[in-house]
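# Summary of the model geometry
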Amino acid sequence: MGKDLLDKFQGCLLGVAIGDTLGHPFEGKLRSQIYSYFEDFNEFLQKNKDIFRTYTDDTQLTLHTAEALIKGDGFKLEYLIDEYINWLDDPPIGPGYGCISSIRNLKLGIPWKEAASNSGGNGTTMRIAPIGLYYSKDFKALKTNAIKSSLITHSHPAASAGAVVIANAIAFLLDKNPESGFSIENFFQIITNSIANSQNEIWEEFVKNLNKLKSNLNRPIESGLIKFSQAGVKSPYFIEQYLGQAFVHPYTISTVICAIFIFLNKLTSFKECIYELATAGGDSDTVGAIGGSLAGSYFGIQNIPPDLIKLVKNYKKILKLSEDLYKSFKLKY
Ligand SMILES: [Mg+2]
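Every chain's residues receive numbers from 1 upward, in the order its sequence appears when written. Only residues with pLDDT of at least 70 get local features here, since the model is predicted, and only at 80 or more are side-chain atom pairs given and counted; chain-wide, interface and lining totals rely on the full set of residues.

## Comments concerning the overall build of the protein chain
Summing up its helical and strand segments, the protein chain has 18 helices and 0 strands in all. C-alpha atoms define the radius of gyration, and 2.2 Å times the number of residues to the power 0.38 defines the globule rule. For 333 residues, the compact-globule estimate of 2.2 N^0.38 gives 20 Å, and the protein chain sits close to it at 18 Å. Burial is judged by counting the other C-beta atoms within 10 Å of a residue's own C-beta: 20 or more makes it buried, 12 or fewer makes it exposed, and any count in between marks it as partly exposed, with every C-beta position built from the backbone. Residues classed as buried in the protein chain amount to 51% of the 333 residues present. Every helix listed is a DSSP run of H or I at least four residues long, and every strand listed is a run of E at least two residues long, numbered separately from the N terminus.

## Topic: the packing of helix H10 (residues 157-174) against helix H16 (residues 284-299)
The geometry of H10 relative to H16 is characterised by a closest axis approach of 8 Å and an angle of 20 degrees between their N-to-C directions. In terms of their interaxial angle, H10 and H16 are classed as roughly parallel. The handedness of the crossing between H10 and H16 is right-handed. Residues Ile 166, Ala 169, Ile 170, Leu 173 and Leu 174 of H10 lie in contact with H16, whose contacting residues are Ile 290, Ser 293, Leu 294, Ser 297 and Tyr 298. Working convention: axes come from line fits to C-alpha atoms, limited for helices to the stretch in contact. Angles between N-to-C directions cover 0 to 180 degrees. Convention used here: angles under 35 degrees read as roughly parallel, angles over 145 as roughly antiparallel, angles from 65 to 115 as roughly perpendicular, and any remaining angle as oblique. Helix crossings are classified by the rotation of the near helix relative to the far one: an anticlockwise turn of less than a right angle makes the crossing left-handed, while a clockwise turn makes it right-handed. In this description, a residue-residue contact is defined by the distance between C-beta atoms placed from the backbone, which must lie within 7 Å.

## What to know about the nonpolar core
By definition, a nonpolar core groups buried Ala, Val, Leu, Ile, Met, Phe, Trp, Tyr and Cys residues that are joined through C-beta atoms within 7 Å. Leu 13, Ala 167, Ile 170, Cys 258 and Leu 325 are the most contacted members of the largest nonpolar core, which has 98 residues in total. Sort the elements by how many residues they give to this core and H10 lands first, with 14 residues. Other than its neighbours up to four places away in sequence, Cys 258 contacts Leu 225, Phe 228, Ser 229, Val 248, Ala 280 and Val 287.

## Concerning helix H14 (residues 252-265)
Over its 14 residues, H14 runs 20 Å from end to end, which matches the ideal 20 Å to within 8%, given 1.5 Å per residue. With respect to burial, H14 is a largely interior element, 12 of its 14 residues being buried. If you check which residues of H14 are buried, you get Thr 252, Ile 253, Ser 254, Thr 255, Val 256, Ile 257, Cys 258, Ala 259, Ile 260, Phe 261, Ile 262 and Phe 263. Against the buried residues of H14 lie H10, helix H12 (201-214), helix H13 (221-228), helix H15 (270-278) and H16. In a helix, the anticipated span is given by 1.5 Å times the number of residues less one.

## Regarding unusual backbone geometry
Asp 90 connects to Pro 91 through a cis peptide bond whose omega is -5 degrees. The residue Pro 91 is located in the loop between helix H5 (77-87) and helix H6 (97-107) in this model. If you check the backbone angles, Asn 197 has positive phi at about 55 degrees while not being a glycine. Examined against the element boundaries, Asn 197 turns out to sit in the loop between helix H11 (184-193) and H12. The exposure class assigned to Asn 197 is exposed, which follows from the 9 C-beta atoms found within 10 Å. One non-glycine residue, Gln 199, lies in positive phi territory at about 70 degrees. Along the chain, the position of Gln 199 falls in the loop between H11 and H12.

This is the structure:
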């Protein structure tokens with residue numbers, strides 16, 4: 001089992017990086033526009049590898065989160081803050097406003113409670129994977145630390161709820177075997193219960209959207225994405241021109257619902273799953289990164305085609321970092 005779990009740790013973090021790398025060229029584009037470029041995505045990818053040359057802020061911040069857990073032997077707020085400040089020197093690739101503004105504040109020495117933005121954007125869920133891995137055997141610590149990690153930069157409850165949901169989904173998928181599958185019912189039970197009965201209006205809205213998703217899983221991908229692309233988004237953040245189209249809004253509820261929807265629709269293989277995620281439309285790189293963390297946790301690195309691993313910039317470094325995170329986790333649990 002030990003070796004299998006290392007396989008899952010590596011699959012998860014590489015999953016983030018692959019989804020982010022494949023989705024990056026399609027960020028901000030409608031799904032219909034993306035699918036006008038090719039008939040077969042795999043063929044398109046083989047012929048155009050040079051346009052998929054980097055990941056973005058999603059992977060960068062995920063790697064910094066992993067570094068902070070390794071250096072701190074677990075979750076320590078000050079290590080996380082230091083690592084996020086280090087990210088400013090990477091330098092950031094395609095950062096969201098919520099992340100960059102708050103982390104610049106942290107660098108100025110402003111305490112995190114004041115530094116955080118009120119953004120409900122998906123910027124904290126996209127970097128949560130290492131916390132889902134590290135605390136996969138301790139659901140209480142997983143929830144507390146997922147929330148804390150989110151609050152440093154985003155005070156909005158949607159952001160922390162998304163982080164909790166995805167961290168729980170990762171923990172659930174780690175010990176599942178893609179050859180035998182898993183119960184969709186149990187999956188929803190775990191993720192929904194992780195944020196249920198909170199007395200918080202936005203968390204309750206998140207739960208309602210998860211329930212809605214559960215009863216809409218049979219929809220074709222395009223139709224589901226049209227339905228959930230702007231889930232939970234409030235005025236004035238609604239993008240009117242994209243209503244009725246597949247264009248995932250960078251709000252946490254919409255992104256998380258769409259990523260889970262695609263993941264559950266494409267449990268056939270890592271490759272088929274990640275191709276659909278990265279071409280979702282709208283915030284495609286982040287749907288790719290978040291959905292990629294789920295697909296990677298489920299399928300493990302042994303089921304990820306080597307050419308997709310090698311497509312990722314610094315993939316060896318990510319493999320090594322996943323191994324270090326795994327070793328640190330093993331010492332603790
Ligand atoms: Mg990004």
